[in-house]
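# Overview (structure and organization)
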Amino acid sequence: MLTAGAAAAGAAVAAPAVAQSTGPVAMRWQSTWPSKDIFHEYALDFAKKVNDMTGGDLKIEVLPAGAVVPAFGLLEAVSKGTLDGGHGVMVYHYGKQTALALWGSGPGYGMDANMLLAWHKYGGGKELLAKLYDSIGANVVSMPYGPMPTQPLGWFKKPIAKVDDMKGLKFRTVGISIDVFTGLGAAVNALPGGEIVSAMDRGLLDAAEFNNASSDRVLGFTDVSKICMLQSYHQNAEQFEILFNKAKYDALPEKMRAIIANAVEAASADMSWKAIDRYSKDYVEMQTKDKVRFYKTPDPVLKKQLEVYDEVVKKKASENPMFKEILESQRQFAQRATQWENDTVVSRKMAFDHYFGQAGVAKQPT
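Note that the structure is a prediction, hence the values are computed from the model and not measured. (Residues numbered from 1 in each chain as written. Predicted model: local features only at pLDDT ≥ 70, side-chain atom pairs only at ≥ 80, totals over all residues. Heavy atoms only, no water.)

### Considering the overall build of the protein
Along the protein, the regular secondary structure elements total 14 helices and 11 strands. Over its C-alpha atoms the protein spans a radius of gyration of 23 Å, differing by no more than 12% from the 21 Å that the globule rule assigns to 366 residues. Taking the principal axes of its C-alpha atoms as reference, the protein extends roughly 90 × 45 × 45 Å. In the protein, which comprises 366 residues, the proportion classed as buried is 49%. For the protein, the separation between the mean place of its 41 positive charges and that of its 40 negative charges on side chains is 3 Å. (Helix = DSSP H or I, 4+ residues; strand = E, 2+ residues; numbered from the N terminus. Rg over C-alpha atoms; globule rule 2.2 N^0.38 Å. Buried < 20%, exposed > 50% of the residue type's maximum accessible area, 1.4 Å probe, protein only. Lys, Arg positive; Asp, Glu negative; His and termini not counted. Charge placed at Lys NZ, Arg CZ, Asp CG, Glu CD.)

So this is what it looks like as structure tokens:
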């Protein structure tokens, strides 16, 4: 017994020494964003939170899009272990499995992005996503976070006043929105964020959507267009994705994995607060300095988007059982959650009009 006790004590003393000798865990990541985009800044923010919270025991380095692989190649690179992890959006994996785009590409049955994250965490989405990645043999751990505000319809040469104005336009979008805008009559080209403005400048695109005032401004959209259409259902409820190589993630100590999970949620909150501050500032500056004219997307165009989306997902659900399962799960959660929200949340528009007047900047196109 004494011998066994001495051996156990020796092991207890030796264990920390072994852990210390291995040093910090280093991970090389890549985002799907250009280095100047605020989205890459969000990726760096997440990495810093993890690095700080682990006391330097885990050190994540995040490279910008294209440093190792193209933006649309992130999933494959992380799955194979070429990269240890990454920061992007699930709609960029649309070509691998169309159902992945349901985490953000579409109207979300009336949910905003934060509500879609609620579905993911508490309504069955997390389990469905793991099942979905497993079905395509992706060796990854995915953590959606960072609810995005509703994205604009896009940047155009002239305002979109009716549905027919979309017909024939060479238009950039991604995910299920490819099918929706194709259904609206556009000729769609899916490009990563860093390639859109140059394509518009060279005439390869007539119009395009990306995401928000800060990203669009720094990427140069205001240099190639002065017309932006606000409000759309094509990406009403999108969020970002933290992606780990599964083997690398599973090899981390349990305590470190717990820190990462909490860092994801902390970064999600911080990102949404930073977005409100930065996007609103750039929205003002695009009007005052860049002379951009903003218009609200007409209701008939929005309603047509919903009709076309319903047709698209009905077809995909008939072809893909997992697509159908995810849609039904979202719909059930959304019916309950949006009913509660619509019944409970007071109109902030009324309060805005009371304090600041009814004259909004975004006008209806004529």
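### Quick look at the side chain of S232
Inspection of the secondary structure assignment puts S232 in the loop between β9 (227-230) and β10 (239-245). Residue S232 is classed as buried on the basis of its relative accessible area, which comes to 4%. A distance of 2.6 Å separates polar atoms of two side chains, one belonging to S232 and the other to H234. Once residues lying within four places of it in the same chain are set aside, the contact partners of S232 are T150, Q151, P152, L153, L302 and Q305. (Polar contact = N/O pair within 3.5 Å; in protein donor to acceptor, adjacent residues only side chain to side chain. Contact = heavy atoms within 4.5 Å.)

### Some words on the nonpolar core
Counting residues in each nonpolar core, the largest one holds 105 residues, and the members touching the most others are F46 and I260. Residue contributions to this core peak at nine residues, all from helix α11 (residues 254-288). Contact partners of F46, with chain neighbours within four places excluded, come to W29, I60, Y145, I242, I260, A263, V264 and A267. (Core = buried A, V, L, I, M, F, W, Y, C linked by side-chain atoms within 4.5 Å.)

### Notes on helix α14 (residues 348-356)
An α-helix turns once per 3.6 residues; consequently, residues spaced three or four apart project the same way. Summarising burial for α14: zero of the nine residues are buried, a small minority. The backbone nitrogen of K349 lies 3.4 Å from a side-chain oxygen of the residue at the head of α14, namely S347.

### What to know about the environment of G125
Take G125: it is sitting in helix α5 (residues 125-135). Taking relative accessible area as the criterion, G125 reaches 0% and is therefore assigned buried. In the structure, G125 is positioned 75 residues away from M200 in sequence and 36 Å away in space, judged by C-alpha atoms.

### Re the environment of Q364
With respect to the secondary-structure elements, Q364 resides in the segment after α14. The exposure class of Q364 is partly exposed, given its relative accessible area of 42%. Between the C-alpha atom of Q364 and that of Y133, which follows or precedes it by 231 residues, the distance is 42 Å. What Q364 contacts, discounting residues up to four positions off in sequence, is Y295, K296 and P298.

### Concerning the side chain of S31
You can see S31 is positioned in strand β1 (residues 25-31). Given the relative accessible area of 0%, S31 is considered buried. Within the structure, the side chain of S31 is placed 2.8 Å from the side chain of H40, a separation counted as a polar contact. Those residues in contact with S31, other than ones at most four positions away along the chain, are H40, A43, V62, L63, P64, A65 and H87.

### A look at the pairing of strand β2 (residues 58-63)
Pairing analysis gives six bridges linking β1 to β2, with the strands arranged parallel. What sits directly across from A26, in β2, is K59. Between the parallel pair β1 and β2, the chain is carried across by helix α2 (residues 38-53), and the sense of this crossover is right-handed. (Pairing = 2+ DSSP bridges. Right-handed = clockwise from strand over helix to strand, strands pointing away.)

### Considerations on the packing of aromatic side chains
A complete count under the given rule lists 21 aromatic pairs for this structure. Three or more aromatic residues joined by ring pairs make a cluster, and in this case those are W29, W33, F39, Y42, F46, F72, Y92, Y145, F210, F240, F244 and Y249. (Phe/Tyr/Trp six-rings, centres within 6.5 Å; stacked < 30°, edge-to-face > 60°.)

Note that every value here comes from positions in space, so none of it alone points to a role or purpose.
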